[in-house]
Amino acid sequence: MKTTEPSGGTPRARVSLCLPGGGLSGALYQIGALAALEDGVAGFDNQSFTLYLGSGSGAAVAAAIAGGVPVDRIYRALLDPADNFFPLERGHLMHLDLDEWRRALGTSWVALRHAFARLTSRGDTPTNAPGHYLLLEQLDRLHDSLPAGLFKLDRYERFLAEFFLRRGIPNGFRAMPRRLLIPAHDLDSGERVVFGSSGYEDIPVSLACAASLALPLFFSPVRVDDRHFLDGGLGHVAHLDLAEADGADLAIVVNPLVPVSTARRAIPTGHGARDSVRDKGLLWIYNQALRVGAHARLHQDVARVTASSPLQVLVLEPEPTDALLFLQNPAGLKARRTILEYAYRTTRERITHWMERNRAVVERFAWQEAR
C-alpha cells in the first residue's frame, strides 16, 4: 500500500488494515488474501499501512506484519510443514486451565456444604414448598462454580513472545515500527480497552494478543495487571471507529467470519459426511452462531461509518458457500494448505471485479492489476 505523496503536494492518504478474529482458519484466510493482494495489485504493499488493527486471532497477524514480517514469508512458511518460521502447535492453544478446574472443584464442595445445610434446616423456605423445588434451588449454587474457561492462553502468549524475539519483532507497542492497536474487553466493566493506545502502551504485545483472543467458554479471561480481559471482537468486529479516529481515508477489512452456507453439500465430520452443520455438534453450532452475529455487526458498522464520515471501507471476505472449507480442522496440514491456497486463489480471481467496483479508490491510490 504505497502512501507516498502524489505530485502536486496532495497530502498522502491514510490507510488502515483491520483484521478481525476468526480462529486459526480465519488467520490462514487473512494471510492468503493479503499475499494475493500484494501479488495481484501493483502498488499494494502490506508494510505501508498507517494503522494495523487486529483483534482475536487477527491480532497476532497484525502484530507480525506491523513488526516488519513480510506476508509472503508467513504464507510460504505455513504452506511448508518443514518450515519452522511460525511453529504454532495445538498445545499452545489447547492447554487446560488446571488452576481454574481446581478452583471449580473447591468452590463446588463449599457450595454443596451450604446446600446441604440449607436443605436440612429449610431456613426461611415455606414449609409447604415441594422438595424438588428446594433441591433445584440449592443446586443452582453450582452454577457459580463452573470454570471460567476450558483452556488458558499462557503458552500462546509465551509462544508469541519467543516468536517476536527470534524474528526481530519488538514486543512493545512503543517500539513497533508501525502503529499497532489491539482491542480487548474488560471482564468486570464490559468496556473496550485498546492496547497500544494512550495509557495502554506499556504491556507486551504478546500479552495483548492473548487477551484479545480470550473467547468465552473456550479460554479463561487473560489477566493483565489486576484486570481480566476477553476477546476483542465481542462488541465491534473490525473496530472501524478506531480507524476513523486515526484519520484513515480507507480501511481494508479482511473478514473471515461469514456464516457457512452448506448449499445442500455434504458436511465433513469426524464420523463421516453428513447433511447439516448440526451434525458437527455443539462447538460448531456455537461457531456458526458467532459467525452470524459477527457478520451482521460488521456490515451494520460499515454502513454506519460510510454514511456518516468520509472513510471508505473495502471488505474482503469469502463467499458463504466457499466458507464450507472452514468446517475442516485447520490444524491438519491438508486443511491448512487448502484454506491458504483457497484464500490466495479466490482473492486473485476476484481482483479485477473488486477493482472495477471500487474504481474511485483504485484511481486515488494508483493501483493497477498486476500481470
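From a predicted model like this one, the values you see are computed outputs, not experimental measurements.

Rules and cut-offs
Residues numbered from 1 in each chain as written. Predicted model: local features only at pLDDT ≥ 70, side-chain atom pairs only at ≥ 80, totals over all residues. Heavy atoms only, no water. Helix = DSSP H or I, 4+ residues; strand = E, 2+ residues; numbered from the N terminus. Expected span 1.5 Å × (residues − 1). Buried < 20%, exposed > 50% of the residue type's maximum accessible area, 1.4 Å probe, protein only. Core = buried A, V, L, I, M, F, W, Y, C linked by side-chain atoms within 4.5 Å. Phe/Tyr/Trp six-rings, centres within 6.5 Å; stacked < 30°, edge-to-face > 60°. Salt bridge = Lys/Arg side-chain N within 4 Å of Asp/Glu carboxyl O. 1 Å grid on protein atoms, 1.4 Å probe; cavity = no way out; pocket = protein on both sides within 12 Å on 5 of 7 lines; lining within 4 Å. Points joined across faces, edges and corners; volume = space filled by probe spheres on them. Nonpolar A, V, L, I, M, F, W, Y, C, P; charged D, E, K, R; others polar. Lys, Arg positive; Asp, Glu negative; His and termini not counted. Contact = heavy atoms within 4.5 Å. Axes fitted to C-alpha atoms, helices over the stretch in contact; angles between N-to-C directions. Left-handed = near helix turned anticlockwise from the far one by under 90°. Pairing = 2+ DSSP bridges.

Enquirer: Sorry if this is basic, but what is going on with helix H1 (residues 23–40) here?
Expert: Residues spaced three or four apart along an α-helix point in a common direction, a consequence of the helix completing one turn every 3.6 residues. Between its first and last C-alpha, H1 extends 26 Å over 18 residues, near the 26 Å set by a 1.5 Å rise per residue. Most of H1 sits inside the fold, with 14 of its 18 residues counted as buried.

Enquirer: Which parts of the structure should I look at to understand the nonpolar core?
Expert: Within the largest apolar cluster, 82 residues are counted, with the highest numbers of intra-cluster contacts made by Leu180, Phe195, Ile252 and Trp367. Top contributing element to this core by residue count: H1, with nine residues. In terms of nonpolar packing, the next biggest core, distinct from the first, is built from 20 residues, Cys18, Leu240, Ala243 and Val313 among them.

Enquirer: I tried to follow the packing of aromatic side chains on my own but got confused; where do I start?
Expert: For any pair of aromatic rings, the description rests on two quantities: the centre-to-centre distance and the angle between the ring planes. This structure, assessed with the given rule, holds 14 aromatic pairs. Seen from their ring centres, Phe44 and Phe49 are 5.9 Å apart, and the 75 degrees between their planes marks the pair as edge-to-face. A centroid spacing of 5.8 Å and a plane angle of 85 degrees characterise the contact between Phe85 and Phe163, whose relative ring orientation is edge-to-face. Of this pair, Phe85 sits in the loop between helix H3 (71–79) and helix H4 (90–93) while Phe163 sits in helix H7 (residues 154–166), and the two are 78 residues apart along the sequence. Through a chain of ring-to-ring contacts, the aromatic side chains of Phe85, Phe86, Phe159, Phe163 and Phe164 assemble into a single cluster.

Enquirer: Please explain the pattern of salt bridges as it appears in this structure.
Expert: Any two side chains of opposite charge can pair, so long as their charged atoms come close to each other. Inspection of the entire model under this criterion finds 17 salt bridges. Note that Asp301 and Arg304 form a salt bridge whose closest N and O atoms lie 2.9 Å from each other. Placement of both Asp301 and Arg304 in helix H10 (residues 282–308) is noted, with a separation of three residues, approximately one turn of the helix. Residue Glu341 is joined to Arg337 by a salt bridge in which the shortest nitrogen-to-oxygen separation is 3.1 Å. Here Glu341 and its partner Arg337 are both found in helix H11 (residues 333–357), four residues apart, which amounts to about one turn of the helix. Arg337 sits in the partly exposed class, given a relative accessible area of 35%. By sharing partners, the salt bridges in this structure join Arg14, Arg179 and Asp246 into a single network.

Enquirer: Help me understand the layout of surface pockets in this model?
Expert: To locate leftover empty space, one rolls a probe as large as a water molecule over the atoms. Quantified by volume, the second largest pocket comes out at close to 240 Å³. Lining the second largest pocket are Tyr29, Val315, Leu316, Glu317, Glu319, Thr347, Arg350, Ile351, His353, Trp354 and Arg357. Within the residue set of the lining of the second largest pocket, elements represented by two or more residues are strand S12 (312–316) and H11. Tallied by class, the residues present in the lining of the second largest pocket amount to five nonpolar, two polar and four charged.

Enquirer: Sorry if this is basic, but what is going on with the environment of Gly26 here?
Expert: Looking at the element boundaries, Gly26 is found in helix H1. Classification of Gly26 by relative accessible area gives buried; the value is 1%. Along the sequence, Gly26 and Gly58 sit 32 residues apart, while their C-alpha atoms lie 7.8 Å from each other.

Enquirer: Hey, could you run me through the side chain of Asp97 in this one?
Expert: Its location among the elements puts Asp97 in the loop between strand S4 (95–96) and helix H5 (98–121). Lys152 provides the closest opposite charge to the buried, unpaired Asp97, separated from it by 4.1 Å. The residues touching Asp97, leaving out its near neighbours within four places in the chain, are Gly149, Leu150, Phe151, Lys152 and Ser220.

Enquirer: Whenever I open this one, the packing of H7 against helix H8 (residues 205–213) confuses me. Can you help?
Expert: When two helices pack together, their arrangement is given by the angle between the helix axes and by the axis-to-axis distance. At a closest axis distance of 8 Å, the pairing of H7 and H8 adopts a crossing angle of 145 degrees. Regarding H7 and H8, the two cross each other, and that crossing is right-handed. Facing Tyr156, Glu157, Leu160, Ala161 and Phe164 of H7, the residues of H8 in contact are Val205, Ser206, Leu207, Cys209, Ala210 and Leu213.

Enquirer: Just checking my understanding: could you explain the sheet that holds strand S5 (residues 149–152) for this structure?
Expert: Backbone-to-backbone hydrogen bonds pair the strands of a sheet. The strands run either parallel or antiparallel. Pairing is mixed across the open sheet formed by three strands, whose spatial order is S4-S5-S8. The sheet is open, and its two borders are formed by S4 and strand S8 (217–219), each paired with just one other strand. Looking at chain direction, S5 and S8 are connected through two bridges and run parallel. Across the sheet, Phe151 pairs through a bridge with Phe219, a residue of S8.

Enquirer: Sorry if this is basic, but what is going on with the environment of Ala64 here?
Expert: Residue position: Ala64 is located in helix H2 (residues 58–66). Along the chain, Ala64 and Pro170 lie 106 residues apart, while their C-alpha atoms are 9.5 Å from each other. The residues touching Ala64, leaving out its near neighbours within four places in the chain, are Val69, Ile74, Phe163 and Ile169.

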